[in-house]
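# Observations on the three-dimensional arrangement
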Amino acid sequence: PGHSPGFKKPPALLRLKRKRPGRRSDPADAAGAAAAPAPRGPSAAARRRNPFSSLDNAPRRAAAAPQPPAAAPAGGDPSAAPFWQFLESACEEKPSRRAEPAESSDILALSKDLHSPLAVPKAPSSPSQEFPADWSIKTRALFMSSQPFTWAEHLKAQEEAQGFAQHCRAAATTLPQSVQEPRLCTELRCAFQQSLVYWLHPSLPWLPLFPRLGADRRMAGKACPWAQDEALQQVLMSDWSVSFTSLYNLLRARLCPYFYLCAAQFSVLFRAAGLAGSAVPTAAIAPTTRGLREAMRSEGIEFSLPLLEESRTRKQKSSEESLETETADSGGEGAGEPAPSDDDDDDGSFSWLEEMGVQDKVKKPDTISIQLRKEKHEVQVDHRPESLVLVRGSNTFTLLNFLISCRSLVAVAGPQAGLPPTLLSPVAFRGGTMQTLKARTVSGRARVQGGFEDVFSLEVLGPILPHALHALTLVLGPAQRGAFRALLSPHEPSAAFNSH
């Protein structure tokens, strides 16, 4: 039992002893060994290997020191030198380079950076592109990630109050690029609360005040004490006019970047100077009707129909290209003759009837019919996104007075009768009420290739304005370590605002 386990395996010992006597050596080494005296004493015995020791238990030999390369023969022919001379010289240079402490520390730092969640190796790429702002109002945003959203649950009273204070003070919160424990990060939770705040007028908790287009069914059956009370309607409208004017003054002073006016028939987006590539304040209205546009013209409001003009330009360009193609195919016949248009018939007089002598027998169309025929393209786009109207500069102030005194701004009948339009703003204004978006977290499992995986989601409901969506993405970046995706549900009538 006290013997080494190797004693029970004599084949291994015999194999080792067979190799030792027949070991080959170089001639130079043999000559040196013959000239040198044989070592004597305990040092030679210490180097002798114990034949009863196990191969597994034998102490490992220290790495032999590199031998100097063999010298070239006396004849001076370098080709006669052993080939491993060049291999040894090449191998001797590598450890010296690896042993430099500065480079090793850089490698360790680089490995730490590469293993960090947000570190991305820099690679040559195309020039960065700035995406345009999304001016549509979102009704729902669903953020999904493989990391849980527990940090967005059960905010403390102090964190909620700090978020409200930061919003009112317009304080910009600087968050770290990566948060190890989002649930314990107070700055992150306060910034999340700050991103959910918006301002609303009027504030009627029992009525859904957004969206207003097509909301009659949801408002049906709700208590509307002002529906039959004209005095109450006048009070509500007077209070709304004060809030509307306050928002416009903030916009002109560049203290409010934008705000929305949501009525039962259309929506208006007011933007301050410097936004959307405009040096003056702008207002976009969508959708519109011919009656509303005529009323605006009668008030002296200058506006444009950018989407309709663009479609006309495209059609005209395509028709010219097709005409050139037909002319080239026909060999140039009639190239100088202009194509007939409907406008020529409408603008011209009925002189051709006089030439035929039947001017009294044919009933001429009245002026209204001719005008409707000219405006048939505008009438066809009513209640469609192409009917978007763009007002610029000082005409926005005229639009303000027009909307305050416009009778069609407020519904006369139905569940929304007598209810002023909804005002939505990212900043506080006179008569505005602070509101917060509704947020809730959901966890579940999704089927993937090879099994299931945990999926966590954060759902945000309400009128999500552009500033709120931007702030949410800035918060989710460090909280979810950049690993999240979003599904957005825009309010369709407001999607036309992205065109201009």
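This text gives an overview of the structure that appears in the document. All figures in this text were calculated on a predicted structure; none of them were measured in a lab.

Counting secondary structure elements, the protein chain contains 17 helices and 12 strands. Once local pairs closer than 6 in sequence are excluded, the contacts in the protein chain between residues at least 24 apart make up 75%.

To continue, consider the sheet that holds strand β11 (residues 451-464). With antiparallel pairing, four strands are arranged side by side in an open sheet as β10-β11-β1-β12. Looking at the sheet topology across the chains shown, the edges are occupied by β10 (438-448) and β12 (485-490). Between one strand axis and the next, the sheet turns through 20° on average, direction left out of account. With six bridges connecting them, strand β1 (residues 138-145) and β12 associate as antiparallel partners. The residue bridging Phe143 from the neighbouring strand is Ala486, located in β12. The strands touched by helix α17 (residues 466-479) are β1, β11 and β12; relative to β11, the strand with the most contacts, the crossing angle is about 150°.

Applying the stated criterion across every chain yields a total of 13 aromatic pairs. Plain terms: the ring middles of Tyr260 and Phe497 are 6.3 Å apart, the flat faces sit at 45° to each other, and that makes the pair tilted. Separated by 237 residues along the polypeptide, Tyr260 in strand β3 (residues 258-262) and Phe497 in the segment after β12 bring together distant segments of the chain. In this structure, Tyr260 and Phe497 share a single accessibility class: buried.

A few words on the pairing of strand β2 (residues 197-201). Buried residues dominate β2, accounting for five of its five residues. Residue alternation in β2 divides its side chains into two sets, Val197, Trp199 and His201 and Tyr198 and Leu200, and both sets are buried. Pairing analysis gives three bridges linking β2 to strand β8 (residues 422-425), with the strands arranged antiparallel. In the strand pairing of β8, Leu200 is matched with Leu424.

Tallying each qualifying case throughout the model produces eight salt bridges. Among the salt bridges present, the one from Lys138 reaches Asp134, with a minimum N-O distance of 2.7 Å. Look at Lys138 and you get buried, because its relative accessible area is 3%. Here Asp134 falls in the partly exposed class, since its relative accessible area comes to 31%. Where Asp454 meets Arg445, a salt bridge forms, and the shortest distance between an N and an O atom there is 2.8 Å. Where salt bridges share partners, they join Arg140, Arg440 and Glu459 into one cluster.

Residue Pro211 is bonded to the preceding Phe210 through a cis peptide linkage, with omega at -5°. As for its placement among the helices and strands, Pro211 is situated in the loop between β2 and α8 (216-219). Cis geometry marks the peptide bond from Ala286 to Pro287, where omega comes out at -15°. Tracing the sequence through the fold places Pro287 in the loop between β5 (282-286) and α10 (290-298). Positioned with a positive phi, His154 is a non-glycine residue whose angle comes to about 50°. Along the polypeptide, His154 turns up in the loop between β1 and α6 (157-168). Relative accessible area serves as the criterion here: at 71%, His154 is assigned to the exposed category. Unusually for a residue other than glycine, Arg254 sits at a positive phi of about 60°. By secondary structure assignment, the location of Arg254 is in the loop between α9 (230-252) and β3.

Reading the values: the criteria
- Residues numbered from 1 in each chain as written.
- Predicted model: local features only at pLDDT ≥ 70, side-chain atom pairs only at ≥ 80, totals over all residues.
- Heavy atoms only, no water.
- Helix = DSSP H or I, 4+ residues; strand = E, 2+ residues; numbered from the N terminus.
- Contact = heavy atoms within 4.5 Å.
- Pairing = 2+ DSSP bridges.
- Axes fitted to C-alpha atoms, helices over the stretch in contact; angles between N-to-C directions.
- Phe/Tyr/Trp six-rings, centres within 6.5 Å; stacked < 30°, edge-to-face > 60°.
- Buried < 20%, exposed > 50% of the residue type's maximum accessible area, 1.4 Å probe, protein only.
- Salt bridge = Lys/Arg side-chain N within 4 Å of Asp/Glu carboxyl O.

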